[in-house]
Amino acid sequence: SAVISQKPSRDICQRGTSLTIQCQVDSQVTMMFWYRQQPGQSLTLIATANQGSEATYESGFVIDKFPISRPNLTFSTLTVSNMSPEDSSIYLCSVDTMAAYGYTFGSGTRLTVV
Amino acid sequence: RKEVEQDPGPFNVPEGATVAFNCTYSNSASQSFFWYRQDCRKEPKLLMSVYSSGNEDGRFTAQLNRASQYISLLIRDSKLSDSATYLCVVNMNTGFQKLVFGTGTRLLVSP
């Protein structure tokens, strides 16, 4: 399965600022996914990022708040903009290598907004 | 109704016990099903895919019941290292790949 390098692993940010999270995959993948896992909760899909097109956002998530870039088939970024304490969460990227084998996740970014 | 529902637990079992988790899903058109394991403060990792015929991997057995729309995971001879949260995951196949995660079932195996 693919190996994903996600960074930063954690950050503490001031409210009103923005943080960009990066995911690098060791192989080319068509779709990359960005998830959020709030404390004590399961994972919620934020958006799906395809190379060469705009990301597709899930209900409740908007591009102005979570802009995504997908410049090539091995890399994507998620920006959490104008942060508030409610954005404190773990953010994970994921790729689908082969459906039968499930999805692989990055190690996550633990974000705390103060 | 939630798209994927699990009993959050925790399930407290002694070493060597057999424990079973169930999960129900709402979309009858779903095609792919998985169990993931998530350790505290770590990312989810694929434990096993779930096939219509059922599948077994060592001490772990997964079953799918399409008619009743539920998935199960059976762990035999529990080890201390099995303590984790087990996530039921369904691929909704809504035009493109979309994984929906259950809230997870927490398992605590004690000596």
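Overview of the structure.

Conventions and cut-offs
Residues numbered from 1 in each chain as written. Chains lettered and ligands numbered in written order. Predicted model: local features only at pLDDT ≥ 70, side-chain atom pairs only at ≥ 80, totals over all residues. Heavy atoms only, no water. Contact = heavy atoms within 4.5 Å. Buried area = accessible area lost by both parts, 1.4 Å probe. Polar contact = N/O pair within 3.5 Å; in protein donor to acceptor, adjacent residues only side chain to side chain. Nonpolar A, V, L, I, M, F, W, Y, C, P; charged D, E, K, R; others polar. Pairing = 2+ DSSP bridges. Helix = DSSP H or I, 4+ residues; strand = E, 2+ residues; numbered from the N terminus. Axes fitted to C-alpha atoms, helices over the stretch in contact; angles between N-to-C directions. Phe/Tyr/Trp six-rings, centres within 6.5 Å; stacked < 30°, edge-to-face > 60°. Disulfide = S-S within 2.5 Å. Buried < 20%, exposed > 50% of the residue type's maximum accessible area, 1.4 Å probe, protein only. Core = buried A, V, L, I, M, F, W, Y, C linked by side-chain atoms within 4.5 Å.

1. Overview of the interface of chain B and chain A
At the interface, 18 residues of chain B touch 22 residues of chain A. Interface of chain B and chain A: buried area, both sides summed, is about 1600 Å²; carbon and sulfur atoms make up 56% of it. The interface formed by chain B and chain A includes three residue pairs in polar contact (both at pLDDT 80 or more). Taken together, the residues of the side of chain B that touches chain A break down into nine nonpolar, six polar and three charged.

2. Here we look at the sheet that holds strand E7 (residues 60-65) of chain B
All names here are of chain B. Reading across the sheet, the five strands line up as E1-E3-E8-E7-E6 and stay open at both edges, with antiparallel pairing between neighbours. Edge strands, defined here as strands with exactly one partner in the open sheet, are strand E1 (4-6) and strand E6 (55-57). The average undirected angle you get between the axes of adjacent strands in this sheet is 20°. With six bridges joining them, E7 and strand E8 (residues 70-75) adopt antiparallel strand pairing.

3. Thoughts on the packing of aromatic side chains
Counting across every chain of the model gives twelve aromatic pairs over all chains. Between the aromatic rings of Phe11(B) and Phe21(B), the centroid separation amounts to 5.2 Å while the plane-to-plane angle is 80°, which identifies the pairing as edge-to-face. Here Phe11(B) is found in strand E2 (residues 11-14), whereas its partner Phe21(B) is found in strand E3 (residues 19-25), with ten residues between them in sequence. An aromatic cluster of three or more residues is present, and its members are Tyr35(A), Phe105(A), Phe34(B), Tyr36(B) and Phe101(B).

4. Focus: the state of the cysteines
Per the counting criterion, the structure on display carries two disulfides over all chains. Across the disulfide from Cys23(A) sits Cys93(A); the S-S distance is 1.8 Å. Taking the sign of the S-S torsion, -85° for the link of Cys23(A) and Cys93(A), the bridge is left-handed. Here the residue Cys23(A) occupies a position in strand E3 (residues 19-25), and Cys93(A) occupies one in strand E9 (residues 89-96), the gap between them amounting to 70 residues. Look at Cys23(A) and you get buried, because its relative accessible area is 0%. No disulfide involves Cys40(B); its nearest neighbouring cysteine sulfur is the one of Cys93(A), lying 20 Å away. Residue classification places Cys40(B) among the exposed positions, given a relative accessible area of 68%.

5. Considering the nonpolar core
Across soluble globular proteins, nonpolar side chains show a tendency to be buried alongside one another. In this structure, Trp34(A), Ile46(A), Phe66(A), Ile68(A), Leu78(A), Tyr91(A) and Leu111(A) are the most contacted members of the largest nonpolar core, which totals 26 residues. Of all the secondary-structure elements, those providing two or more residues to this core are E3, strand E4 (31-37), strand E5 (43-50), strand E8 (75-80), E9 and strand E11 (109-113) of chain A. Of all the elements, E3(A) adds the most residues to this core, at four residues. The residues contacting Leu78(A), other than those within four sequence positions of it, are Leu19(A), Thr20(A), Ile21(A), Trp34(A), Ile46(A), Phe66(A), Pro67(A), Ile68(A) and Tyr91(A). By size, the runner-up hydrophobic cluster in this structure holds 25 residues, among which are Phe33(B), Leu73(B), Met92(B) and Leu107(B).

Any functional reading would require information beyond the geometric quantities listed.
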